[in-house]
Amino acid sequence: MILVVNAGSSSLKAALLAPDLTAVATAQAAEIGGAATLRAGAGETRADIPDHTAAVAAILSAFAAQGRPVAALTAAAHRVVHGGARFIAPCRITPDVEAEIDRLSAIAPLHNPANLAGIRGIAAAAPGLPQFASFDTAFHASIPAVAARYALPPAAEALGLRRYGFHGLSYAAMVAGWAGPLPRRLLAFHLGNGASACAILEGRSVASTMGYSPLSGLTMGSRTGDIDGNAVLRLAEVHGIDGAARILNRESGLRGLGGASDMRALRAAGTTEAAFAIEHFAYWAIRLGGSLAAAMGGVDCIAFTGGIGENDADMRDRITEGLRFLNPDVAIGVVAAAEERQIAREAMATMAGER
């Protein structure tokens, strides 16, 4: 079995997948850093889980209690959000890989440090277990230079300032698991607390709404989406760099506009501000979706995944109606998110390639 780990800043989700990619068990530790909630199977308990190392140990213990000990695992596979320009394919985790993931934390401060904590937690709990990383940026390595480069001088580009794109594991899973022939020009939306869209031409990413970091593009739960660079500089001037980073990443988006980062909470609130936040989310999805369609010369199918994309029919209808001018007969698809399966698939392929 392969253990798939998806670590967040205060949570850690884990799944055990059989060789046929069937999920046989799941567990999650939430509110890491104190009195945390541990969910495993149908059970839920409260426990003191001070850090990700303790969270990994608690989850492995819960799996062992279900008859799935560490000895039954063949590998651990991790989602890592930012792979930079170097990691364009999954790889085995080595000290050098860990160091590079750590260096890239400056670009993805909400994600890479947590991903690294999950990796180190597994290393502490199961020292001999091979570990592999799959990168959200890797699927977008096929984006052409004209779409990836900012109009910056070479000295700035040398700092790694370019568009990378994210949610790549979600889009890769969509392509890998598509039922029937894959549409040639697929406009894909991953809509959740983090939200993006991707132009997938003949199965390959050619443009993404996200860029140097997961901040840009669509309106998100607590991230601004697209914002003028001078507005960022002004925030940094008034609030300092750390304060600006907090505002842009944690206090903006739906939360900043409507008071909540959860679309369901906004719909329940029924306030003018909440309604505006929902409208803003839809507007920018439509506007930027049209831009991605231009990168493909049109669109044959629009597909949705993620928590909002899969479960919010009203939002899907708003977006598809707003984009129907591109193709009145465009097909519409809803695809269940399957990132864990994609991560396990990539780890298995990497292990097979090592043999």
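Asks: Kindly report on the packing of aromatic side chains, identifying the contributing residues and their values.
Replies: Under the criterion given, the structure shown has 4 aromatic pairs. Considering the side-chain rings of Phe87 and Phe135, the 4.6 Å spacing of their centres and the 0° angle between planes classify their relative orientation as stacked. Of the two residues, Phe87 sits in the loop between strand 6 (75-80) and strand 7 (91-92) while Phe135 sits in strand 8 (residues 131-135), which places them 48 residues apart along the sequence. Residue Phe87 is classed as buried on the basis of its relative accessible area of 6%. A relative accessible area of 2% means that Phe135 is categorised as buried. Aromatic pair Tyr164 and Tyr212: ring centres 6.4 Å apart, planes at 40°, arrangement tilted. Placement of Tyr164 in the loop between helix 5 (154-157) and helix 6 (168-176) and of Tyr212 in the loop between strand 11 (204-208) and helix 7 (229-250) is noted, with a sequence separation of 48 residues between them.

Asks: Describe the state of the cysteines, and please don't skip the residues or the numbers.
Replies: Under the definition given, this model contains 0 disulfides. Of all cysteine sulfurs in the structure, the one in Cys301 sits closest to Cys198, which takes part in no disulfide; the separation is 13 Å. Relative accessible area serves as the criterion here: at 0%, Cys198 is assigned to the buried category.

Asks: Give a description of helix 7 that names residues and reports values.
Replies: With 22 residues, helix 7 extends just 18 Å between its outermost C-alpha atoms, more than 12% less than the 32 Å of an ideal straight helix rising 1.5 Å per residue. Remark: the principal bend of helix 7, roughly 120°, maps to His239. Those residues of helix 7 lying buried are Leu235, Gly243, Ala244, Ile247, Leu248 and Asn249. Two to three positions downstream of the cap, the backbone nitrogen of Asn230 sits 2.7 Å from a side-chain oxygen, assigning the N-cap of helix 7 to Asp228.

Asks: Can you lay out the pairing of strand 5 (residues 43-49) for me, pointing to particular residues and giving the numbers?
Replies: Here strand 4 (residues 34-40) runs beside strand 5; their pairing, made up of 7 bridges, is antiparallel. If you follow Ala35 over to strand 5, its bridge partner there is Asp48. Where strand 4 folds back on strand 5, the antiparallel hairpin that results is connected by 2 residues, among which Gly41 adopts a positive phi of roughly 65°.

Asks: Go over the environment of Arg345 with me, naming the residues and quoting the values.
Replies: Here Arg345 is to be found in helix 13 (residues 339-354). The spacing of Arg345 and Gly333 is 12 residues in sequence and 23 Å in space, taken between C-alpha atoms. Those residues in contact with Arg345 that lie beyond four places of it in its chain are Leu21 and Ala176.

Asks: Which residues make up the sheet that holds strand 8, and what values do they have?
Replies: Strand-to-strand pairing in sheets goes through backbone hydrogen bonds, with the strands running parallel or antiparallel. Strands sit in the order 5-4-3-2-1-6-8-7 across an open sheet of 8 strands; the sheet is mixed. Taken across any chain shown, the strands that pair with only one partner, and hence form the sheet edges, are strand 5 and strand 7. One ladder, built from 4 bridges, connects strand 1 (residues 2-7) with strand 6; its direction is parallel. Residue pairing for strand 6: Val5 is matched across the bridge by His78. On top of the sheet, helix 1 (residues 52-65) reaches strand 1, strand 2 (11-17), strand 3 (23-30), strand 4 and strand 5; it is set at about 35° to strand 2, its chief contact. Strand contacts of helix 3 (residues 112-125): strand 1, strand 2, strand 6 and strand 8, with the helix running at about 170° to strand 6, the strand carrying the most contacts.

Asks: Just give me the short version of the pairing of strand 10 (residues 195-201), but keep the residues and values in it.
Replies: A large share of strand 10 lies buried, amounting to 6 of its 7 residues. Relative to strand 10, strand 9 (residues 185-191) is paired through 7 bridges, and the arrangement is antiparallel. Across the sheet, Leu187 pairs through a bridge with Ala199, a residue of strand 10. Two successive antiparallel strands, strand 9 and strand 10, enclose a turn made up of 3 residues. If you look at the hairpin formed by strand 10 and strand 11, you'll find 2 residues sitting between the two strands, and Glu202 has a positive phi there, around 55°.

Asks: Requested: an account of the side chain of His78, with residues and values cited.
Replies: Tracing the backbone shows His78 in strand 6. Since its relative accessible area comes to 1%, His78 is described here as buried. A distance of 2.4 Å separates polar atoms of two side chains, one belonging to His78 and the other to Gln131. Residues in contact with His78, not counting those within four places in the same chain, are Val5, Ile93, Gly118, Ile119, Ile122, Gln131, Phe132, Ala133, Ser134 and Ile343.

Reading the values: the criteria
Residues numbered from 1 in each chain as written. Predicted model: local features only at pLDDT ≥ 70, side-chain atom pairs only at ≥ 80, totals over all residues. Heavy atoms only, no water. Phe/Tyr/Trp six-rings, centres within 6.5 Å; stacked < 30°, edge-to-face > 60°. Helix = DSSP H or I, 4+ residues; strand = E, 2+ residues; numbered from the N terminus. Buried < 20%, exposed > 50% of the residue type's maximum accessible area, 1.4 Å probe, protein only. Disulfide = S-S within 2.5 Å. Expected span 1.5 Å × (residues − 1). Bend = angle between axes of the 7 residues up to and from the residue. Polar contact = N/O pair within 3.5 Å; in protein donor to acceptor, adjacent residues only side chain to side chain. Pairing = 2+ DSSP bridges. Contact = heavy atoms within 4.5 Å. Axes fitted to C-alpha atoms, helices over the stretch in contact; angles between N-to-C directions.

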